[in-house]
Amino acid sequence: MSTGSRNIWEAWARSVAPLVRVNTGEPCPDPAATATRLAQAGLADQYMVYEAEGGVWHFAAGSAVSVTADSTAITAQSGGRTWTSRTDRQPLTAFAAALSALRDAGDEGRHFYGWAAFELAHLLHADAATAGDQPLLHALIPSVEVTLTGDRTVVRAVDEAWARKVADLLAEPSAGRTAHDEPMPESTEGVIATGTAAYGRAVSRTVGDIHAGLLEKAVVSRKVPLPAEPRPDFPATYLAGRRANTPARSYLMDLGGYRAAGFSPETVLEVGAEGGVSTQPLAGTRARGADPAENERRRAELLSDPKEIHEHAVSVRLAWDEMAAVCRPGSVAVEEFMTVRPRGSVQHLASRVTGRLRPDRGPWDAFASLFPAITATGVSKRDALQALARHEDGPRGLYGGAVFRGSTDGDLDAALVLRTLIGAGDEAWLRAGAGVTAQSSPEREIEETCEKLRSVAPYLRFAAD
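Residues numbered from 1 in each chain as written. Predicted model: local features only at pLDDT ≥ 70, side-chain atom pairs only at ≥ 80, totals over all residues. Heavy atoms only, no water.

### A closer look at the packing of aromatic side chains
Keep this limit in mind: When the centres of two rings from Phe, Tyr and Trp lie within 6.5 Å, Trp using its six-membered ring, the rings pair. Their planes under 30 degrees apart give stacked, over 60 give edge-to-face, and anything left gives tilted. Each helix corresponds to a stretch of at least 4 residues labelled H or I by DSSP, and each strand to a stretch of at least 2 residues labelled E; elements are numbered beginning at the N terminus. The buried label goes to any residue with under 20% of its type's maximum accessible area, the exposed label to any with over 50%, and the partly exposed label to all in between, with areas taken from a 1.4 Å probe on protein chains only.
Tallied over the entire structure, the rule returns 11 aromatic pairs. Measuring from ring centre to ring centre gives 6.2 Å for phenylalanine 112 and tryptophan 364, while their planes differ by 25°; the resulting arrangement is stacked. Taken together, the positions of phenylalanine 112 in strand β7 (residues 111–116) and tryptophan 364 in helix α11 (residues 363–370) put the pair 252 residues apart, joining distant regions of the chain. With a relative accessible area of 12%, tryptophan 364 lands in the buried category.

### A few points about the pairing of β7
Keep this limit in mind: For two strands to be treated as a pair, DSSP must find no fewer than two bridges joining them.
Within β7, six of the six residues are buried, leaving the element largely enclosed by the surrounding structure. On β7, burial covers both faces: His111, Tyr113 and Trp115 on one face and Phe112, Gly114 and Ala116 on the other are all buried. Across six bridges, β7 lies against strand β21 (residues 402–407) in antiparallel orientation. Bridge pairing in β21 places tyrosine 113 opposite arginine 405. Sheet topology places β7 next to strand β8 (residues 137–140); four bridges connect them, and they run antiparallel. From the neighbouring strand, tyrosine 113 faces β8, where its bridge partner is leucine 140.

### Digging into the side chain of arginine 242
The condition is simple: Counted as a polar contact is a pair of N or O atoms within 3.5 Å, where, for protein atoms, one must be capable of donating a hydrogen and the other of accepting one, and residues adjacent in sequence contribute only when both atoms are in side chains. It only takes one pair of heavy atoms within 4.5 Å for two residues to be counted as in contact.
Here arginine 242 shows up in helix α8 (residues 234–244). The class for arginine 242 is buried, based on a relative accessible area of 17%. Within the structure, arginine 242 has its side chain in polar contact with the side chain of glutamate 51 (distance 2.7 Å). For arginine 242, the residues in contact, after removing those within four places along its chain, are Glu51, Trp57, Pro247, Ser250 and Phe263.

### Considerations on unusual backbone geometry
For residues other than glycine, phi is negative in most cases, and the peptide bonds are mostly trans. Cis geometry is adopted by the peptide bond preceding proline 372, which originates at phenylalanine 371 and carries an omega value of -15°. Its place among the elements puts proline 372 in the loop between α11 and β20 (378–379). Here the residue pair valine 379 and serine 380 is connected by a cis peptide bond, since its omega of -15° sits within 30 degrees of zero. Mapped onto the fold, serine 380 is located in the loop between β20 and α12 (381–391). Even without being glycine, glutamate 336 reaches a positive phi, approximately 55°. Within the secondary structure, glutamate 336 sits in strand β18 (residues 333–343).

### Details of the pairing of strand β24 (residues 427–436)
Taking burial as the measure, the 10 residues of β24 include nine buried ones, the bulk of the element. Two elements, strand β12 (residues 217–225) and β24, share eight bridges in a ladder whose sense is antiparallel. Opposite lysine 223, over in β24, you have arginine 431 as the bridge partner. Where strand β23 (residues 420–424) lies against β24, three bridges are found, and the strand directions are antiparallel. Following the sheet pairing, isoleucine 422 is matched in β24 by tryptophan 429.

### A short note on the packing of helix α2 (residues 31–40) against helix α5 (residues 160–171)
Put simply, the test is: Lines fitted to C-alpha atoms define the axes, with helix axes restricted to the stretch in contact, and inter-axis angles between N-to-C directions lie between 0 and 180 degrees. Oblique is the label for every angle not falling under 35 degrees (roughly parallel), over 145 degrees (roughly antiparallel), or within 65 to 115 degrees (roughly perpendicular). Put simply, a crossing is left-handed when the front helix is turned counterclockwise from the back one by less than a right angle, and right-handed when it is turned clockwise. Residues are sorted three ways: Asp, Glu, Lys and Arg are charged, Ala, Val, Leu, Ile, Met, Phe, Trp, Tyr, Cys and Pro are nonpolar, and all the rest, Gly among them, are polar.
Running from amino to carboxyl end, α2 crosses α5 at an angle of 130°, the nearest separation of the two axes being 10 Å. When the axis of α2 is compared with that of α5, the two are oblique. Crossing of α2 against α5: the hand is right-handed. Taking contact as the criterion, the partners of Thr34, Arg37 and Leu38 in α2 are, on α5, Val166, Leu169 and Leu170. The residue inventory of the contact of α2 with α5, partitioned by class, reads four nonpolar, one polar and one charged.

The structure is reproduced here in structure tokens:
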């Protein structure tokens, strides 16, 4: 990092107000509903709800302090001022430098919330020209943060005014069902069938590429646009969907130009302050419904299907290689190999790869190596990215990227953006993909995307006119 850039981020970090007000209260009986209610309150222009491991919900809100990076420039804001620097096609390096300035300014333990768009992958692993000119990374440093656990509620705020706003909201009784909390007006199956014919053709072309030796696997996805009216209600969709799903992480946000309500089946990475790092590849899918006997039959089928096992094994192999690139020699291990995890309307083959970062590597180095998740791209990652650019219709944006929560102490928890309602501007959409290998058929991959879309589509809720 150049001296000029360092001076810019030091000046920005010194202007960021610390969270000096800390109040601890009684636990909330329903943290998901409480976090959603805070999101609905309109406290600030930007917010995020992030469900972390162990049933802990975080709510963060603010608008004054943020960092946004694209392929050519990075912009930080604080207190009405703006700082800008070049990224020289290395936005993640510039983004990490800006956030690290908060720690250097003495703001230790400060959390940030943000997202990374899928197109960042092209700068990290493939063709930089394919990354486009849209923002690739965005983070909010909140003015107020609420942590909801089973034994307490903790509110941290920049001043008493913010603390009081949240305290008043937490003291309000929970509202019941509201008029705008209505199920989607159209049939779920009609919505998720959108675009299946074109998707089948994309799968066929990808199988052709694989047989031609251009790649081993690609996770090809399809977009399902939603009607302009009625407008999706993101908080209501989040709460309804979270009641029915079993995610590894969940999130609700209006942040940096994207709105999202999602139920992530896996993490891209988890980094602890002491340098422990893990990733959680899921690949191999079968439907999951209300009949336990049928679920068990499909589970047994999943564990014996050569195509699904091969797809999972190559994903774990590459995750191992990506972890080894940033971890201490001998520290990388595979845990929970090929277990079956329930994730809403589907069940997946799941493994976990763990390691310890080398002394000269930090959380963003691990992120650069592992992003985007191999289970959202393919093998090899570079070849898969090139195939996706050929066969998918337009950029993915948030889908297949990451939503994350991190701290200046070195923690970073990043959820893979799948099973998510996404909005930007006046548009809203769903998206789902399937791993395409040499053994794939268009019919099966179409059905797999439908199975995954059923984790979200039945729980769409819409705003009243």
